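Inside the fold
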Amino acid sequence: MSTTSTADTLLSGPRGRRMLLDYVMDAERIRRPEPHDDSFGSAVFLASYHLDPDRDSSVLFGPGADEARQTVVTADDVAHRLSEVPLPEVTEVALRSALAAATDTARYWQDPDGEDILVTTEPVRHELRRVAEHIARSQHSQWWTTALAETDQWVIVSLDDDSPDTFESTAAELLSDWHEHTLAAEARAADRPTDPKANWSGYWWSNPSVRCSTRALFDGTPAELWFVEDSMGWKRIAVRPVDAPAGARIYEIDGAQAWAELCRRFPLEVTADKRHDWYRTTGRSGRWVIPNWQLVAESYTGVHLTVMGYLAAAGTAIGVDDETASVIAGWAPDATCWLTDPDRIGDESRTWVLDDSREHPDWVEETQQ
């Protein structure tokens, strides 16, 4: 992809725009660690607070809180301060940090927050193009468009010492359970109000409940340690290596059109269960479908979501046909969901522990005693 095309893609989706904002926020914090009233971060905080639909339930306290509630910072003000932030050389750590933050703040069960609204405004979005082009020129972002890395794939087997996955359940069994659960949830939701604004919530994910893997990043950590939607704050994660089945047929989701095509070929209606959550996150009212993963498994070994596909399309209302749409929700960037069993699962696991004692948390491999 050209620099311009990549920049356009990064600016097209809510997670992409949020990643760009987080990148600049990190860049300014590194350059000016101490808080400043005239900082870009301060402007983002105040502008986002007033744009946030839930600001009435937000808590501002401490010295200056009353003044902050009364201070009006416009999108033009934020854009002006954004234009003055120097952009440092792109590093793998900086991109990982921004992508992790953008993934962690995804929420498909309520309205977009103030920051997600702020980056849709014309002045801020215009200034974010400089950031998008800066990142697009970096070699460290090139893997975001690549297909499944067939080597060095890692699957999570336990979280915070929960019972480890023994791999006794096959992919076919997991898909059967997923299908049964999805149909039952849709049936239970049939009696819910059809008004999408009604105060109801359901199962908002659209990924299959199967084993998923991600590649190892530049420092050896599996990508999914960092990139998690709706994280539960895990501190200790064990992983095992997996090998793609021989002759694996992988469906690549590199954007909205690829997801829409999958939904058109293998549709499963989930309107009753998703109606209220997905209306809140996208603003669209209508019928919803997701891929019927049991049927997808008859044609494909696995499904891989590229990082760029995630940044451009996750959390958006993706039109499938004249009557239906879908949402990529609950996925991790670079995740491959395996619809058939891998050829090999490594016997030895590696355990990573979150070191949050420093300003920037890091995953550190636990040494064997």
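For clarity, every value in this text was computed on a predicted model and none was experimentally measured. The numbering scheme is per chain: residues are counted from 1 as the chain's sequence reads. The predicted origin of the model limits local features to residues at a pLDDT of at least 70 and limits the giving and counting of side-chain atom pairs to 80 or more, whereas totals for whole chains, interfaces and linings rest on all residues. Here the side-chain values reflect all heavy atoms present in the structure, with hydrogen atoms and water set aside.

In this section: the overall build of the protein. Regarding its fold elements, the protein presents 14 helices and 13 strands. In terms of overall dimensions, the protein is globule-like: its C-alpha atoms have a radius of gyration of 21 Å, near the 21 Å expected for 369 residues. Counting only C-alpha atoms, the protein reaches 55 × 55 × 40 Å along its principal axes. By definition, residues are in contact when any of their heavy atoms lie within 4.5 Å. Partitioning the intrachain contacts of the protein with sequence separation of at least 6 by distance along the chain shows that 82% fall at a separation of at least 24. Here a strand is any run of E in DSSP of at least two residues, a helix any run of H or I of at least four, and the numbering for each starts at the N terminus. All radius of gyration figures rest on C-alpha atoms, and the globule criterion is 2.2 Å times the number of residues raised to 0.38.

By secondary structure assignment, the location of leucine 268 is in strand β5 (residues 267-269). The buried label applies to any residue whose accessible area, calculated with a 1.4 Å probe on protein chains only, is under 20% of its type's maximum; exposed applies above 50%, and partly exposed to all values in between. Residue leucine 268 is classed as buried on the basis of its relative accessible area, which comes to 9%. Through-space distance from the C-alpha of leucine 268 to that of histidine 179 is 9.7 Å; in sequence the pair is 89 residues apart. Those residues in contact with leucine 268 that lie beyond four places of it in its chain are Trp178, Thr182, Leu183, Trp288, Val289, Ile290, Pro291 and Asn292.

Moving on: the state of the cysteines. Joining two cysteines, a disulfide is a covalent bond between their sulfur atoms. Here, a disulfide means two cysteine sulfur atoms that sit within 2.5 Å of each other. A complete count under the given rule lists zero disulfides for this structure. Free cysteine: cysteine 263, not disulfide-bonded; nearest cysteine sulfur from cysteine 337 at 14 Å. On the accessibility criterion, cysteine 263 (0% relative accessible area) is buried.

Take the side chain of arginine 192 next. Summarising the element assignment, arginine 192 is placed in the loop between α9 (171-188) and β2 (212-215). Polar contacts, as used here, are pairs of N or O atoms within 3.5 Å; protein pairs need one atom able to donate a hydrogen and one able to accept it. Residues neighboring in sequence count only if both atoms are side-chain atoms. A polar contact is formed between the side chain of arginine 192 and the side chain of aspartate 273, at a distance of 3.3 Å. With residues near it in sequence (within four places) discarded, arginine 192 still touches Trp200, Ser201, Gly202, Ala272, Asp273 and His276.

With that settled, the discussion passes to the sheet that holds strand β6 (residues 287-291). The pairing criterion is simple: DSSP has to find at least two bridges between the two strands. Across the sheet, which stays open at both edges, the four strands sit in the order β5-β6-β9-β8 with mixed pairing between neighbours. Each having just a single partner strand, β5 and β8 (318-319) make up the two edges of the open sheet. Across two bridges, β6 lies against strand β9 (residues 324-326) in parallel orientation. From the neighbouring strand, arginine 287 faces β9, where its bridge partner is threonine 324. All axes here are fitted lines through C-alpha atoms, helices being fitted over the stretch that makes contact, and every angle between N-to-C directions spans 0 to 180 degrees. Of the strands in this sheet, β5 and β6 touch α9, which is tilted by about 40° from β5.

Let's shift gears to a negative patch on the surface. A patch is a set of surface residues, each over 30% in relative accessible area and not in a salt bridge, joined within 9 Å for like charges and within 5 Å for the nonpolar side chains Val, Leu, Ile, Met, Phe, Trp and Tyr. For accessible areas, the Shrake-Rupley method is used with a probe of radius 1.4 Å. Any residue's cover is judged against the shown protein chains and nothing else. By salt bridge we mean one thing: a side-chain nitrogen of Lys or Arg within 4 Å of a carboxyl oxygen of Asp or Glu. When charges are counted, Lys and Arg contribute as positive and Asp and Glu as negative, whereas His and the chain ends are disregarded. Lysine's charge is taken at NZ, arginine's at CZ, aspartate's at CG and glutamate's at CD. Judged by side-chain charge, Glu173, Asp177, Glu180 and Asp341 come together as a negatively charged surface patch. Structurally, the position occupied by glutamate 173 is in helix α9. Classification of glutamate 173 as partly exposed rests on a relative accessible area of 42%.

One finds Trp144, Trp293 and Trp331 to be the most contacted residues of the largest nonpolar core, which totals 91 residues. Among the elements that make up this core, the one with the highest residue count is helix α2 (residues 14-31) (six residues). Other than its neighbours up to four places away in sequence, tryptophan 144 contacts Leu10, Met19, Leu95, Leu99, Ile135, Thr306, Val307, Met308 and Leu311. Here, nonpolar core refers to any group of buried Ala, Val, Leu, Ile, Met, Phe, Trp, Tyr and Cys residues whose side-chain atoms link them within 4.5 Å.

Quick look at helix α11 (residues 256-265) now. When α11 is considered as a whole, its buried residues turn out to be Ala258, Trp259, Ala260, Leu262 and Cys263. If you follow the buried residues of α11, they end up packed against β4 (250-253), β5, β6, α13 (293-296), β8 and β9.

Bringing the packing of helix α1 (residues 3-12) against α2 into the picture now. α2 packs onto α1 with a crossing angle of 100° between their chain directions and a minimal axis gap of 5 Å. It follows from the interaxial angle that α1 and α2 lie roughly perpendicular. Residue-level contacts link Leu10, Leu11 and Ser12 of α1 to Gly16, Arg17, Met19 and Leu20 of α2. A per-class count over the contact of α1 with α2 returns four nonpolar, two polar and one charged. Any angle between 65 and 115 degrees counts as roughly perpendicular, while under 35 counts as roughly parallel, over 145 as roughly antiparallel, and the rest as oblique. Residues are grouped as follows: Ala, Val, Leu, Ile, Met, Phe, Trp, Tyr, Cys and Pro are nonpolar; Asp, Glu, Lys and Arg are charged; all remaining types, including Gly, are polar.

Another point: helix α8 (residues 122-136). Working note: α-helix, 3.6 residues per turn, so residues spaced by three or four point in the same direction. Here a helix's expected span is defined as the number of its residues, less one, multiplied by 1.5 Å. Its 15 residues give α8 an end-to-end C-alpha distance of 21 Å, which sits within 8% of 21 Å, the value for a rise of 1.5 Å per residue. The set of residues buried in α8 consists of Pro123, Val124, Leu128, Val131, Ala132, His134, Ile135 and Ala136. In this structure, the buried side of α8 is in contact with α1, α2, α5 (75-83), α6 (92-104) and α7 (114-118).

By themselves, these figures tell us nothing about what the structure is for.
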